[in-house]
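Residues per chain, in single letters:
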Amino acid sequence: MDVRRRPYRHFGIIVSTVMPLIAGCSRQMEGNANPLYDEDDPTAYSLELKPGSPVVWELDSLSVPEFHSSFYNREDSTFYYLSDNDIIRCPFGDIKAYRKDYGVSFSNFCVRGDSIIGIKYNSNQICCYSSTTKEHEWSEPILCNAPYPPVPIARVSPLVVTDSVIMYFGEISGEPEDETASNRPTLTVFDRKERKFRYSVGYPEVYRKGNWGGGILRWVYSDFNEKENSFVIGFPISHFIDVLDIGTKRMERHYAGSRKFRVVLPFSNDKSDNPGAREAMEYVARTDSYANVLYDPWRNLYYRIAELSIPDKTVLPGFKKDISVIILDKNFKKVGETEIANAGRNFRYGTFVSHRGLMVPVDTTEDYLAYRTYLPSERKLQ
């Protein structure tokens, strides 16, 4: 394969092309085609995911296993999720989950030491509460002069908190005709000392070549590699992932497409088409696309989830899509892909990586929160 490196400037971030950036096209509903589909040889994969033992937590009568925001704390091996105004704590090694009413609702949050830091979507604020006393410690209004400011409506990317900055990805719904790489940023960096917000990382060019429904296919999925101080970023219609070095502000693009489909189709070629609720739901259900990007620090691997379209049948609210998990090594080379059927409806918000492996939620009764563990295993080459 002809590998080229061609630096170019992208809204203030230096980008290095790691392979030919053939981002696909959108012609007469042809959509964004996978340019390397035929070069992606499954017989050469060295890893596959094997299911392990389930992990189940028993919930109390006031807790439910449905949520849109969660956080796995590696320091104490505990999974947290937000249900209404309650934070549910699920420690590994315990069969029960524990609920605490905080009286607040976050679209994204993290637990850091004795504090819970979260984003209030409706009031556009970053807030901090004591995890022990539940007292409010501080708030910061989110300020952005971009026409389309990014705020996470659900937790599909981490809220990264350090002593100096708070970083997160977000999005705003819609398909504006005047969108550019700079007026619709996705990454927010809040300088805690200067109390200033900085914005960067626009959508890939392919988003401006069609109408992608303005909803879920506009969500930005990412994970953070603390050791490398870098984000790995996945956009739902792109067959590539981007790796952003926070220190140097350089970004690299790597192929991370699925063998399960050749193209991601737009809702329409016309940006002015505005899908109704039913149309939007059916479009997401019947469209192949990409979702979570996850870093596995225990095995130094990356996982990217591909959402597989539902066959031509009636789509009802609460529909489920099968998923396929793409495995990338530490150098972002694709080394495997495994299809997983019957992932839980919460997979976008609840899939995470623990010391046990890749944790994928499964649907069960309202009395339990259940997960299936998947571990990468060596695959016999054919």
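Above this text sits the structure in question.
Quick caveat: nothing in here was measured; it's all calculated off a predicted structure.

### With respect to the pattern of salt bridges
- Scanning all chains against the criterion turns up 24 salt bridges.
- Residue Arg299 pairs with Asp296 through a salt bridge whose shortest N-O separation is 2.9 Å.
- For Lys321, the salt bridge identified is with Glu307, shortest N-O distance 3.1 Å. Placement of Lys321 in the loop between strand E23 (301-307) and strand E24 (323-328) and of Glu307 in strand E23 is noted, with a sequence separation of 14 residues between them.
- When its relative accessible area of 3% is taken as the criterion, Lys321 is described as buried.
- Residue Glu307 is classed as buried on the basis of its relative accessible area, which comes to 1%.

### Observations concerning the sheet that holds strand E27 (residues 357-362)
- If you walk across this open sheet you meet the four strands as E4-E28-E27-E26, and the pairing is antiparallel. If you trace the sheet from one side to the other, it starts and ends with strand E4 (47-58) and strand E26 (352-354), each paired once. Within the sheet, the average angular offset between the axes of one strand and its neighbour, ignoring direction, is 35°.
- The pairing of E4 with strand E28 (residues 368-378) spans ten bridges and is classified as antiparallel. When the bridges of E28 are listed, Val56 appears paired with Ala370.

### Considerations on the side chain of Asn211
- Secondary-structure assignment places Asn211 in the loop between strand E16 (196-202) and strand E17 (221-225).
- One polar contact links the side chain of Asn211 to the main-chain amide nitrogen of Gly213, over a distance of 2.9 Å.
- Here Asp270 takes part through its backbone oxygen, which lies 2.8 Å from a polar atom of the side chain of Asn211.
- Ignoring any residue separated from it by four or fewer positions in sequence, one finds Asn211 in contact with Glu175, Pro266, Phe267, Ser268, Asp270, Lys271, Ser272 and Asp273.

### Re the pairing of E24
- With six of six residues buried, E24 lies mostly within the body of the structure.
- Residues Ile323, Val325 and Ile327 point to one face of E24 and Ser324, Ile326 and Leu328 to the other, with burial holding for every one of them.
- Two strands pair when backbone bridges link them, and E23 and E24 are joined in this way by six bridges, in the antiparallel orientation. Bridging across to E24, Ala306 finds its partner in Ser324.
- Inspection of the sheet shows E24 paired to strand E25 (residues 334-340) by six bridges, in the antiparallel sense. Along E25, the bridge assignment pairs Ser324 with Glu339.
- Here E24 folds back onto E25 in antiparallel fashion, the turn holding five residues, of which Phe332 has a positive phi close to 65°.

### Section: the sheet that holds strand E5 (residues 70-73)
- Ordered by their spatial adjacency, four strands build an open sheet running E5-E6-E7-E8, and the pairing between neighbours is antiparallel. Two strands lie at the open edges of the sheet, namely E5 and strand E8 (98-101), each paired on one side alone. The average undirected angle you get between the axes of adjacent strands in this sheet is 20°.
- In terms of strand pairing, E5 meets strand E6 (residues 78-83) through four bridges, oriented antiparallel. When the bridges of E6 are listed, Tyr72 appears paired with Phe79.

What counts, and where the lines are drawn
The numbers attached to residues start from 1 for each chain and follow its sequence in the written order. Confidence filtering applies because this is a predicted model: local features only for residues at pLDDT of at least 70, side-chain atom pairs given and counted only at 80 or more, and all residues used for totals across whole chains, interfaces and linings. To obtain the side-chain values, all non-hydrogen atoms of the structure were used and water was disregarded. When a carboxyl oxygen of Asp or Glu is within 4 Å of a side-chain nitrogen of Lys or Arg, the pair counts as a salt bridge. A run of H or I in DSSP counts as a helix once it spans at least four residues, and a run of E counts as a strand once it spans at least two, with each numbered from the N terminus. Exposure classes here rest on a 1.4 Å probe applied to the protein chains alone. A residue is buried below 20% of its type maximum, exposed above 50%, and partly exposed in between. A pair of strands is treated as paired once DSSP finds two or more bridges between them. Orientation is described by axes fitted as lines to C-alpha atoms, over the contacting stretch for helices, and by angles from 0 to 180 degrees between their N-to-C directions. Two N or O atoms count as a polar contact when they lie within 3.5 Å, although within protein this holds only if one can serve as hydrogen donor and the other as acceptor, and sequence-adjacent residues are included solely when both atoms are side-chain atoms. Whether two residues are in contact is decided by their heavy atoms, any of which lying within 4.5 Å being enough.

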